[in-house]
2 protein chains.
Amino acid sequence: MTDTTAPPTLNLFSHLPPAEAEEAATALLAGDGVRLERIVSYGHVSPEGFWYDQDEAEWVMVVSGGARLRIEGEAEDRALGPGDSVYLPAHCRHRVAWTDPDRPTVWLALFVAADLAPDPRA
Amino acid sequence: MTDTTAPPTLNLFSHLPPAEAEEAATALLAGDGVRLERIVSYGHVSPEGFWYDQDEAEWVMVVSGGARLRIEGEAEDRALGPGDSVYLPAHCRHRVAWTDPDRPTVWLALFVAADLAPDPRA
């Protein structure tokens with residue numbers, strides 16, 4: 001018999017890591033080829049010259065705070081505020097150019113394996 | 001050659017349906033066994049006596065607004081505000097008991113097929 005019991009409600013803004021911590025990713029849901037994470041940044045940026053280049057597609061949204069995302073080949077950073085989301089296909093190279101140093105930036109990031117054929121706004 | 005180009009940034013609060021519309025679900029990302037939706041409610045509730053009973057697991061979060069969710073077998077509704085999320089295993093029967101009639105309630109809902117073995121906080 002499968003357990004259909006719902007675990008307690010969780011708030012996304014609870015248990016934020018301290019500001020001096022490293023950028024922190026917490027899995028909210030994970031399955032075969034799919035993973036939902038909360039990421040908390042306090043002024044963290046990707047190292048100079050570093051690009052994420054992922055086998056998985058990623059949908060990422062800023063829930064609170066502010067960030068700038070750079071996508072390889074684009075002329076400018078994308079400024080992201082609450083509710084702004086970007087779909088990054090697998091191997092779309094990108095880096096975090098800036099996050100607000102004065103408050104936590106809380107992201108939701110959904111990673112989906114390319115073989116699950118993720119498609120935005122399908 | 002796979003297209004690695006990122007589509008434009010989308011804001012979750014853009015293009016909200018009018019308040020008099022039916023509850024509106026918009027797919028943000030869909031793949032084989034995984035679907036991310038924005039749902040917008042304006043006072044909508046589940047019909048009396050109706051229970052959602054889904055083959056998929058669902059992770060759902062209120063991003064803005066307010067709602068009350070009833071889970072079968074629980075003594076009280078769960079009151080949900082911004083950032084509150086609930087994991088609903090497949091076949092966890094639930095209904096929306098209330099949403100704020102005075103403003104839009106914007107939800108993010110991630111549906112994952114049971115055979116992808118979704119697991120909260122894995």
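Further up the page is the structure itself.
Think of each chain on its own: its residues are numbered from 1, step by step along the sequence as written. Here every chain gets a letter starting at A, and every ligand a number starting at 1, in the order they are written. The predicted nature of this model means local features are confined to residues of pLDDT at least 70 and side-chain atom pairs, given and counted, to a pLDDT of 80 or more, with totals for whole chains, interfaces and linings taken over all residues. Excluded from the side-chain calculations are hydrogens and water; all other atoms, namely the structure's heavy atoms, are used.

## As for the interface of chain B and chain A
Interfaces are often described in size by the accessible area the parts lose on coming together. As a reminder of what qualifies: Contact definition: two residues touch when any of their heavy atoms are within 4.5 Å. As a working definition, buried area equals the accessible area (1.4 Å probe) given up by two parts on being put together, with both sides summed. Here, a salt bridge means any Lys or Arg side-chain nitrogen found within 4 Å of an Asp or Glu carboxyl oxygen. By the criterion applied in these results, polar contacts are pairs of N or O atoms within 3.5 Å in which, for protein atoms, one can donate a hydrogen and the other can accept it, and in which residues neighboring in sequence qualify only through two side-chain atoms.
Taken together, the 48 residues of chain B in the interface contact 49 residues of chain A. Taken together, the two surfaces of chain B and chain A that pack against each other cover about 3,800 Å², and 62% of this comes from carbon and sulfur. For chain B, the biggest contributors to the area lost against chain A are T9, L29 and R121 of chain B; these three give 15% of the whole. Joining chain B to chain A, the criterion identifies zero salt bridges. If you look at where chain B meets chain A, you find 18 residue pairs in polar contact (both at pLDDT 80 or more).

## Examining the relation of the copies chain B and chain A
The two chain copies are related to each other by a rotation about an axis together with a translation along it. The condition is simple: The copies were overlaid by least squares, fitting only the C-alpha atoms of residues that reach a pLDDT of 70 or more in each copy.
For the pair chain B and chain A, the best superposition has an RMSD of 0.0 Å and corresponds to a rotation of 180° with a translation of 0.0 Å parallel to the axis. Taken together, the rotation angle and the small translation identify this as a two-fold axis. When the interface residues of chain B are mapped onto chain A, 100% of them again fall at the interface, so both copies present the same face.

## As for the pattern of salt bridges
Applied cut-off: Exposure classes here rest on a 1.4 Å probe applied to the protein chains alone. A residue is buried below 20% of its type maximum, exposed above 50%, and partly exposed in between. By the criteria applied, helices consist of DSSP H or I runs no shorter than four residues and strands consist of E runs no shorter than two, each listed in order from the N terminus.
In total, this model carries 16 salt bridges over all chains according to the counting rule given. R35 of chain A is the salt-bridge partner of E37 of chain A, the closest N and O atoms lying 2.8 Å from each other. With relative accessibility at 25%, the residue R35 of chain A sits in the partly exposed group. Residues R93 of chain B and E72 of chain B are paired through a salt bridge, measuring 2.9 Å at the closest nitrogen-oxygen approach. Here E72 of chain B lies in the loop between β5 (67-71) and β6 (78-80) and R93 of chain B lies in the loop between β7 (84-88) and β8 (94-99), a separation of 21 residues in the sequence. The exposure class of E72 of chain B is partly exposed, given its relative accessible area of 41%. What emerges from the salt-bridge pattern is a single network uniting R35, E37 and E56 of chain A.

## As for the nonpolar core
Where we set the bar: To qualify as a nonpolar core, a set must consist of buried Ala, Val, Leu, Ile, Met, Phe, Trp, Tyr and Cys residues joined through side-chain atoms within 4.5 Å.
Core analysis: the largest hydrophobic core is formed by 36 residues, its most contacted members being W59, L108 and L110 of chain A together with W59, L108 and L110 of chain B. Broken down by secondary-structure element, the contributors of at least two residues to this core are β2 (24-31), β3 (34-41), β4 (56-64) and β9 (105-113) of chain A together with β2 (24-31), β3 (34-41), β4 (56-64) and β9 (105-113) of chain B. Look past the residues within four positions of L108 of chain A in its chain and what remains in contact with it is L12, L28, L36, E37, W59, V60, M61 and V63 of chain A together with W59, M61 and L108 of chain B.

## Re the sheet that holds β2 of chain B
What holds strands together in a sheet is hydrogen bonding between their backbones, with the strands either parallel or antiparallel. Rule in force here: Here, a strand pair is defined by DSSP locating no fewer than two bridges between the strands.
As summarised here, the arrangement of the seven strands in space is β1(A)-β7(B)-β4(B)-β9(B)-β3(B)-β2(B)-β10(A), forming an open sheet in which the pairing is antiparallel. Edge positions in the open sheet fall to β1 (10-11) and β10 (119-120) of chain A, since each of these has one partner strand only.

## So, the packing of aromatic side chains
Residues and elements named next belong to chain A. The line we're drawing: Aromatic rings from Phe, Tyr and Trp, with only the six-membered ring used for Trp, were paired whenever their centres fell within 6.5 Å, and each pair was classed as stacked if the ring planes differed by under 30 degrees, edge-to-face if by over 60, and tilted otherwise. By definition here, charges over rings are those cases where NZ of Lys or CZ of Arg is within 6 Å of the ring centre and within 35 degrees of the ring normal.
Taken as a whole, this structure holds two aromatic pairs over all chains when the rule is applied. When the ring of F50 is compared with that of Y52, the centres are 5.0 Å apart and the planes differ by 85°; the resulting orientation is edge-to-face. The ring of F111 carries the charged tip of R35 above its face, separated from the ring centre by 4.4 Å.

## Examining the pairing of β7 of chain B
Within a regular strand, side chains alternate between the sheet's two faces. Burial runs high along β7 of chain B: five of the five residues are buried. Residue alternation in β7 of chain B divides its side chains into two sets, D84, V86 and L88 of chain B and S85 and Y87 of chain B, and both sets are buried. Relative to β7 of chain B, β1 of chain A runs antiparallel, the two sharing two bridges. The residue bridging L10 of chain A from the neighbouring strand is S85 of chain B, located in β7 of chain B. Alignment of β4 of chain B against β7 of chain B, held across four bridges, turns out to be antiparallel. Bridge pairing in β7 of chain B places E58 of chain B opposite L88 of chain B.

## Considerations on the environment of T2 of chain B
The topology assignment puts T2 of chain B in the segment before β1 (10-11). Sequence separation between T2 of chain B and D119 of chain B is 117 residues, and the spatial gap between their C-alpha atoms is 30 Å.

## Here we look at unusual backbone geometry
Residue and element names in this part refer to chain B. A positive phi angle is found at H91, which is not glycine, with a value near 65°. Within the secondary structure, H91 is located in the loop between β7 and β8. According to the relative accessible area criterion, H91 is partly exposed, its value standing at 38%. The backbone phi angle of A117 is positive, close to 55°, even though this residue is not glycine. Relative to the assigned elements, A117 resides in the loop between β9 and β10 (119-120). Note on A117: relative accessible area 42%, which makes it partly exposed.

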